[in-house]
Amino acid sequence: MARADRADRADRADGDDGFAEFAAAAWPRLVRTAQLLTGDFHEAEDLVQTTLAKVYGRWRRVPRAEIDLYVKRALVNNNLSRLRRKRVAHLLTPVLPESLRHAYAGHAEAVERRTALMGALADLPARQRAVMVLRYWEDLSEQEIAAVLDCSIGTVKTHARRGLTALRNHPGLTTPMNPTGARR
């Protein structure tokens, strides 16, 4: 009887087919990607948790060779659905409060640049933002992005071109000119 109990427990422990290990290993990367998509750390964690819960329900049917693609596609699609429903209000602080801005003098410029970038990303349409994040933070190829977003490579190229143009022209990211007209 003890042998049967041990076998039962082993079957239950292995019942997730490696999902727990995958989720634990992928969590930091998925949260980083989701934060770039949502603009908020807490919304990103919620998005990843929701995505992993949905993926778990289909885990045994996902081909092992396509797990990363499947999860990235689910993450992007869940974010787009979240935006369409408009159930969550985006509250992004464009700059840090004055007391926090000067607390870490060595990091103040980096924090301001990151805040400006997050604001600029938040101003992009959802599909352009997804392409920017997948291309320049996840380092996916155009073909891989097309597979994640379930669109053509031409659509990915168009979103990338328009997104880069919008980011280059965003007032929060423009490089100020000095009085002589040269860029600093």
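Attention in this report is confined to the structure presented alongside it.

The rules behind the values
- Residues numbered from 1 in each chain as written.
- Predicted model: local features only at pLDDT ≥ 70, side-chain atom pairs only at ≥ 80, totals over all residues.
- Heavy atoms only, no water.
- Helix = DSSP H or I, 4+ residues; strand = E, 2+ residues; numbered from the N terminus.
- Buried < 20%, exposed > 50% of the residue type's maximum accessible area, 1.4 Å probe, protein only.
- Contact = heavy atoms within 4.5 Å.
- Areas by Shrake-Rupley, 256 points an atom, 1.4 Å probe, with all protein chains shown as cover.
- Axes fitted to C-alpha atoms, helices over the stretch in contact; angles between N-to-C directions.
- Parallel < 35°, antiparallel > 145°, perpendicular 65-115°, else oblique.
- Left-handed = near helix turned anticlockwise from the far one by under 90°.
- Nonpolar A, V, L, I, M, F, W, Y, C, P; charged D, E, K, R; others polar.
- Phe/Tyr/Trp six-rings, centres within 6.5 Å; stacked < 30°, edge-to-face > 60°.

Each helix and strand in the protein chain was counted, giving nine helices and zero strands. Looking at the 184 residues of the protein chain, the share that counts as buried comes to 33%. If you take every contact in the protein chain between residues at least 6 apart in sequence, the share linking residues at least 24 apart comes to 60%. Accessible surface, the protein chain as shown: approximately 11900 Å² in total, 53% of it carbon and sulfur.

On to the packing of helix H2 (residues 19–38) against helix H3 (residues 41–58). Interhelical geometry of H2 versus H3 gives an angle of 140° and a closest axis separation of 8 Å. Here H2 lies oblique to H3, going by the angle between them. For the crossing formed where H2 meets H3, the hand is right-handed. Within the contact between the two elements, H2 uses Phe19, Phe22, Ala23, Trp27, Leu30, Val31, Ala34, Gln35 and Thr38 and H3 uses Phe41, Glu43, Ala44, Glu45, Leu47, Val48, Gln49, Leu52, Val55 and Tyr56. For the contact of H2 with H3, the per-class residue count stands at 14 nonpolar, three polar and two charged.

Quick look at helix H7 (residues 126–136) now. With eight of eleven residues buried, H7 is to be regarded as a mostly interior element. Residues Ala126, Gln128, Arg129, Ala130, Val131, Met132, Val133 and Leu134 constitute the buried set of H7.

It is worth spelling out the packing of aromatic side chains at this point. Across all of its chains, the model carries three aromatic pairs by this definition. Ring plane angle 80° and centroid distance 5.0 Å describe the contact between phenylalanine 19 and tryptophan 59, whose orientation is recorded as edge-to-face. Taken as a pair, phenylalanine 19 in helix H2 and tryptophan 59 in the loop between H3 and helix H4 (67–85) lie far apart in primary sequence, 40 residues in all. We classify phenylalanine 19 as buried; its relative accessible area is 10%.

This paragraph deals with unusual backbone geometry. Positive phi values are uncommon outside glycine, yet aspartate 139 reaches one of about 60°. Its location among the elements puts aspartate 139 in the loop between H7 and helix H8 (142–149). A positive phi angle is found at aspartate 150, which is not glycine, with a value near 55°. The topology assignment puts aspartate 150 in the loop between H8 and helix H9 (153–169).

A separate point is the environment of alanine 20. Relative to the helices and strands, alanine 20 is located in helix H2. Between the C-alpha atoms of alanine 20 and leucine 52, which are 32 residues apart in sequence, the distance is 10.0 Å.

On to the side chain of threonine 33. Note on placement: threonine 33 falls in helix H2. Here threonine 33 falls in the buried class, since its relative accessible area comes to 4%. In this structure threonine 33 touches Leu75, Val133 and Glu138, once residues within four positions along its chain are discounted.

Coordinates in, geometry out; function isn't part of it.
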